[in-house]
Amino acid sequence: MAIILWGKPTITITNVSGSSANLTVPTPVADSTQLSTESGDKHTADIEGGGYEAIRYDKNSFTFTFAVRFAKNRTMPLEDKSADGVITGTYKIVVTSEETGAPTMTINEASARYEDEFSADDGARRIYTFESIMPASGNQIAWTHGSGSGSGQ
């Protein structure tokens, strides 16, 4: 059986400027943790009679989201860096699996925001959204293998 990045994630957030310690996010709301990709624009060099002489693509952009419920004695992630939906600074996000040896996803630099929601059925929760920005070097997203945080096989 393959060892994959799935299930209960461990999400660690680090301020890119290094002005604060790593923050491990409380366990997210079920099925709220998600990475989505927006494809870069496609550019074509059209030729007479149809078809393309060349095609090129812009880089993709990535959005990472998760939700955390408000709870008694729980400090919300980045509470000291946020107000009215805006989170100041840029952050590195590392997502590891409960499966030992599973791949790890790292977003090297991202800007952040949040939205608060409440329903009687699901309670009050804060939805965090991190949008990748181009880091000084390297890719926006990095995948590494063999560094899962859990104990499962």
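Per chain, residues are indexed from 1 in the order of the written sequence. Residue-level local features of this predicted model are given only where pLDDT is at least 70; pairs of side-chain atoms are given and counted only at 80 or more, and the full residue set underlies all totals for whole chains, interfaces and linings. With hydrogens and water stripped out, all remaining heavy atoms of the structure feed into the side-chain values.

**As for the environment of R113**
Then comes step 1: Working definition: helices are DSSP H or I runs of at least four residues, strands are E runs of at least two. Numbering for both runs from the N terminus. Take R113: it is sitting in strand β9 (residues 104-119).
Then comes step 2: Separated by 108 residues in sequence, R113 and L5 have C-alpha atoms that sit 25 Å apart.

**Considering the pattern of salt bridges**
Should the charged atoms of two oppositely charged side chains come close, the side chains can pair.
Then comes step 1: Only one rule defines a salt bridge in this text: a Lys or Arg side-chain nitrogen within 4 Å of an Asp or Glu carboxyl oxygen. On inspection of all chains with the given rule, the structure shows 7 salt bridges.
Then comes step 2: In this structure, the salt-bridge partner of R125 is E117, at a minimum N-O distance of 3.4 Å.
Then comes step 3: Salt bridges sharing common partners tie together R69, E117, D122 and R125.

**Re the layout of surface pockets**
Then comes step 1: Space inside the largest pocket adds up to approximately 270 Å³.
Then comes step 2: Every definition here rests on a 1 Å grid over the protein atoms only: cavities are sets of points where a 1.4 Å probe fits but cannot get out, pockets are open sets enclosed by protein on both sides within 12 Å along at least five of seven lines, and lining residues have some atom within 4 Å of a point. As for the largest pocket, its lining consists of 20 residues, and the residues nearest its centre are W6, G7, P9, T33 and V95.
Then comes step 3: Under the scheme applied, nonpolar residues are Ala, Val, Leu, Ile, Met, Phe, Trp, Tyr, Cys and Pro; charged residues are Asp, Glu, Lys and Arg; polar residues are all the others, including Gly. Here the residues of the lining of the largest pocket are counted per class, giving 11 nonpolar, 7 polar and 2 charged.
Then comes step 4: By volume, the second largest pocket is sized at about 170 Å³.
Then comes step 5: Ranked by residue count, the leading element in the lining of the second largest pocket is strand β1 (residues 10-15), at 3 residues.
Then comes step 6: Looking at the lining of the second largest pocket residue by residue, the classes come out as 8 nonpolar, 4 polar and 3 charged. Grid points are joined across faces, edges and corners, and a volume is the space filled by probe spheres set on the points.

**A short note on the nonpolar core**
One recurring pattern in soluble globular proteins is that nonpolar side chains are buried together.
Then comes step 1: Buried residues of nine kinds, namely Ala, Val, Leu, Ile, Met, Phe, Trp, Tyr and Cys, make up a nonpolar core once their side-chain atoms join them within 4.5 Å. For the exposure calls, accessible area comes from a 1.4 Å probe over protein chains only, and a residue counts as buried if that area is under 20% of its type's maximum, exposed if over 50%, partly exposed in between. Of all hydrophobic cores here, the largest spans 21 residues; its most connected members are I11, I13, F64, F66, I93, Y128 and F130.
Then comes step 2: Looking at this core, the elements with two or more residues in it are β1, β6 (61-69), β8 (86-96), β9 and β10 (123-132).
Then comes step 3: With 5 residues, β9 is the single largest residue contributor to this core.
Then comes step 4: Setting aside residues no more than four positions away along its own chain, Y128 makes contact with F64, T65, F66, V68, M76, P77, I87, R113 and Y114. Contact definition: two residues touch when any of their heavy atoms are within 4.5 Å.

**Notes on the confidence of the model for the protein**
Then comes step 1: Every residue carries a pLDDT, the predictor's confidence in it, which falls somewhere between 0 and 100. Taken over all residues, the pLDDT of the protein has a mean of 91, while the share at 70 or more is 94%.
Then comes step 2: By mean pLDDT, strand β7 (residues 82-83) is the weakest element of the protein at 90, and β6 is the strongest at 98.
Then comes step 3: Taken together, the stretch residues 147-153 has pLDDT below 50 and engages in 24 contacts with residues farther than four places along the chain or on a different chain.

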